[in-house]
Amino acid sequence: MVLHSEGSKSAELWFATPAAAERFDPAALSDAEAQRYARLRNSDKRQDFAVSRSLRPFLRIREGPLGTLSHSRGHAALLRITDTQGWGVDLEVHAPKRLSSLARFAYSAAEADAVESAPEAQRPRLFYALWTLKEAFAKAPRLPLLEATRACT
């Protein structure tokens, strides 16, 4: 999906389902990524890695593209850009979690209060909306995730 195109600048968003893991080629990994992949023991984490890395060939559509990856529960997203602006993408499958305690750990006090005080049916949506925004914003300037989730409000 092309999100934006203006002259030589463009932004494209690609999605992958668990079936994309079949297109994963471990031989195409850098040495650092191959070592990271080898350390993954959990089958779900290995599948997430494989699905997200199956999108990597799309980074080389044109000369010099930049991109950012995200994966969650066997699905992946790739934001491919041709501009030098900082961009980020995040994809999260909503899963039952202790949202209040995670919000207290990773968010500002005001944001954690907002999650806790939201009607129970709205808490997951608010929690994940904040999380995906914060993670995407962290990826743009390549900030450490935990630092960004707490500091970017």
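Residues numbered from 1 in each chain as written. Predicted model: local features only at pLDDT ≥ 70, side-chain atom pairs only at ≥ 80, totals over all residues. Heavy atoms only, no water.

Along its length, the protein chain carries six helices and four strands. Each helix and strand of the protein chain, placed in order from N terminus to C terminus, yields the pattern β-β-α-α-β-β-α-α-α-α. Counting across all 153 residues of the protein chain, residues that qualify as buried make up 37%. Of the contacts formed within the protein chain by residues at least 6 apart in sequence, a portion of 49% connects residues at least 24 apart. (Helix = DSSP H or I, 4+ residues; strand = E, 2+ residues; numbered from the N terminus. Buried < 20%, exposed > 50% of the residue type's maximum accessible area, 1.4 Å probe, protein only. Contact = heavy atoms within 4.5 Å.)

Throughout the structure, instances matching the rule amount to four salt bridges. In this structure, the salt-bridge partner of Arg104 is Asp113, at a minimum N-O distance of 2.4 Å. Judged by relative accessible area, Arg104 falls into the partly exposed class, the value being 39%. Asp113 sits in the partly exposed class, given a relative accessible area of 39%. A network of salt bridges, in which partner residues are shared, links Arg104, Asp113 and Glu116. (Salt bridge = Lys/Arg side-chain N within 4 Å of Asp/Glu carboxyl O.)

The next point concerns unusual backbone geometry. Not every positive phi belongs to a glycine, and Arg73 is a case in point at roughly 50°. Mapping Arg73 onto the fold places it in the loop between β3 (66-72) and β4 (75-81). Given a relative accessible area of 54%, Arg73 falls into the exposed group.

A separate point is the environment of Thr149. Here Thr149 shows up in helix α6 (residues 145-151). Measuring from C-alpha to C-alpha, the distance between Thr149 and Thr132 comes to 9.7 Å, with 17 residues separating the pair along the chain. When sequence neighbours within four positions are dropped, the list of residues in contact with Thr149 reads Ala106, Tyr107, Ser108, Glu111, Trp131 and Lys134.

Another aspect to go through is the confidence of the model for the protein chain. The predicted model of the protein chain has a mean per-residue pLDDT of 81, with 86% of residues at 70 or higher. Ranking the helices and strands of the protein chain by mean pLDDT puts helix α4 (residues 109-117) first, with 93, and strand β1 (residues 2-6) last, with 54. (pLDDT = per-residue confidence, 0-100.)

The end-to-end C-alpha separation of helix α5 (residues 123-139) is 24 Å, in line with the 24 Å expected for 17 residues at 1.5 Å each. For α5, the full list of buried residues reads Phe127, Tyr128, Leu130, Trp131, Lys134, Glu135, Ala136, Ala138 and Lys139. (Expected span 1.5 Å × (residues − 1).)

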